[in-house]
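Breakdown of the fold
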Amino acid sequence: MTTDAEIQTTLPALASGNVAVITGGASGIGLAAARRLASLGMKIVLADIGGARLDEATGAVAAIGGDDTVLAVPTDVSKADEVDRLAEKAFGAFGAVSLLMNNAGVGNNPGKPWENRGAWKRLLDINYWGVVHGVEAFAPRMLAAGNPGLIINTGSKQGITTPPGNLAYNVSKSAVKTFTEGLAHALRNELGAHLSAHLLIPGFTYTGLTEGATQKPAGAWTGEQVIDFMLASLMHGDFYILCPDNEATRPMDEKRMAWAIGDIIENRPALSRWHPDHANAFAAFMKR
Ligand SMILES: NC(=O)c1ccc[n+]([C@@H]2O[C@H](COP(=O)([O-])OP(=O)(O)OC[C@H]3O[C@@H](n4cnc5c(N)ncnc54)[C@H](O)[C@@H]3O)[C@@H](O)[C@H]2O)c1
């Protein structure tokens, strides 16, 4: 069992009194992160669309560290000016930020590739551009401060294996993956920087996003499990924080990802995993 002291010795960005900004912090994985980081003594800036849920989340985080350790900033991450304002408020209130978690996301399905351009753009504005807005607003000042820092962007396995179902979501999360990989590369080439980027890849997690369920499905992890796994992975220095869940193990995820990239290498049709001519070969591959 890892102690808080071990976490904070390995990850100085998470020192008590340091500041974490979490978008989508009013629910699910973001709220679980806020509570855990507050329990480490960090100050928390919760950014989410305003309303009762953000108020409740703020109360829950304040109950851990005290009223003066949490700042709620109603923010629509799809709007660059609102994310800039979030940064002004965070730096204005606390002076420095050492962890940015670009985590806000939506999963509503706009439909087929040729339908609902407006809804497609809205989803990409939140899930992808929201991440970019966060990096633009915070990274320059985090770099200038020169302190140890972390930027964690929440992606998805759906951005890697791109299963049929919600193409716009897959596109947004593929973009977050590629952007975060490039961000990590750019940061490690900044002379003297102590700021690193990481891609959080949750598995099936019981949150507001897992629609329909009134209680946690057996296959799902909780947000708290995801955040414990994230902290352990950060301690190992991992860039890809690939979470399992109660159904998908790491070896299963590895095979699914290998099959997906194998479509190109083996010259199979796109998404061959779901193609009737390749279903048996995929099943055999998974059993191997
Ligand atoms: N739950 C899962 O199984 C799962 C799996 C993989 C990835 N994810 C990703 O994890 C992240 C967190 O999702 P979650 O599962 O905790 O869902 P959630 O719905 O519980 O939390 C998402 C939060 O984002 C906020 N949000 C939505 N639009 C916003 C906007 N425009 N500006 C600011 N905040 C906004 C919501 O109000 C909500 O509080 C998302 O990026 C999601 O895509 C979730």
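Quick summary incoming for the structure in this document. (Residues numbered from 1 in each chain as written. Predicted model: local features only at pLDDT ≥ 70, side-chain atom pairs only at ≥ 80, totals over all residues. Heavy atoms only, no water.)

1. A short note on the overall build of the chain
When you go through the chain residue by residue, the secondary structure sums to ten helices and nine strands. At 19 Å, the chain has a C-alpha radius of gyration in line with the 19 Å of a compact globule built from 288 residues. Taking the principal axes of the C-alpha coordinates as reference, the chain spans close to 60 × 45 × 40 Å. The contacts in the chain between residues at least 6 apart in sequence include a share of 67% that link residues at least 24 apart. (Helix = DSSP H or I, 4+ residues; strand = E, 2+ residues; numbered from the N terminus. Rg over C-alpha atoms; globule rule 2.2 N^0.38 Å. Contact = heavy atoms within 4.5 Å.)

2. Digging into the pattern of salt bridges
Summed over the entire model, instances satisfying the criterion amount to nine salt bridges. Note that Arg141 is salt-bridged to Glu88, the shortest N-O span being 3.3 Å. Highlighted residues: Arg141 in helix H6 (residues 129-145) and Glu88 in helix H4 (residues 80-94), separated in sequence by 53 residues. One salt bridge in this structure joins Asp263 and Arg268, with 2.9 Å as the shortest N-O distance. (Salt bridge = Lys/Arg side-chain N within 4 Å of Asp/Glu carboxyl O.)

3. What about the site of the ligand?
Residues in close proximity to the ligand total 28 residues, the closest being Ser27, Asp48, Arg53, Tyr169 and Thr207. Asn103 places a polar main-chain atom, nitrogen or oxygen, 2.9 Å from an oxygen atom of the ligand. The side chain of Lys173 places a nitrogen or oxygen atom 2.8 Å from an oxygen atom of the ligand. Notes on the ligand: free accessible area 820 Å², of which the protein chains cover 94%. Applying the majority rule of atoms within 2 Å of the grid points places the ligand in the largest pocket. (Near = heavy atom within 4 Å. Polar contact = N/O pair within 3.5 Å; in protein donor to acceptor, adjacent residues only side chain to side chain. Areas by Shrake-Rupley, 256 points an atom, 1.4 Å probe, with all protein chains shown as cover. 1 Å grid on protein atoms, 1.4 Å probe; cavity = no way out; pocket = protein on both sides within 12 Å on 5 of 7 lines; lining within 4 Å. Sits in = over half its atoms within 2 Å of the grid points.)

4. Brief notes about the side chain of Ser172
Considering the arrangement of structural elements, one finds Ser172 in helix H7 (residues 167-188). Residue class for Ser172 comes out buried when judged on its relative accessible area of 0%. Beyond its immediate sequence surroundings of up to four residues, Ser172 is in contact with Leu123, Leu124, Asn127 and Tyr128. (Buried < 20%, exposed > 50% of the residue type's maximum accessible area, 1.4 Å probe, protein only.)

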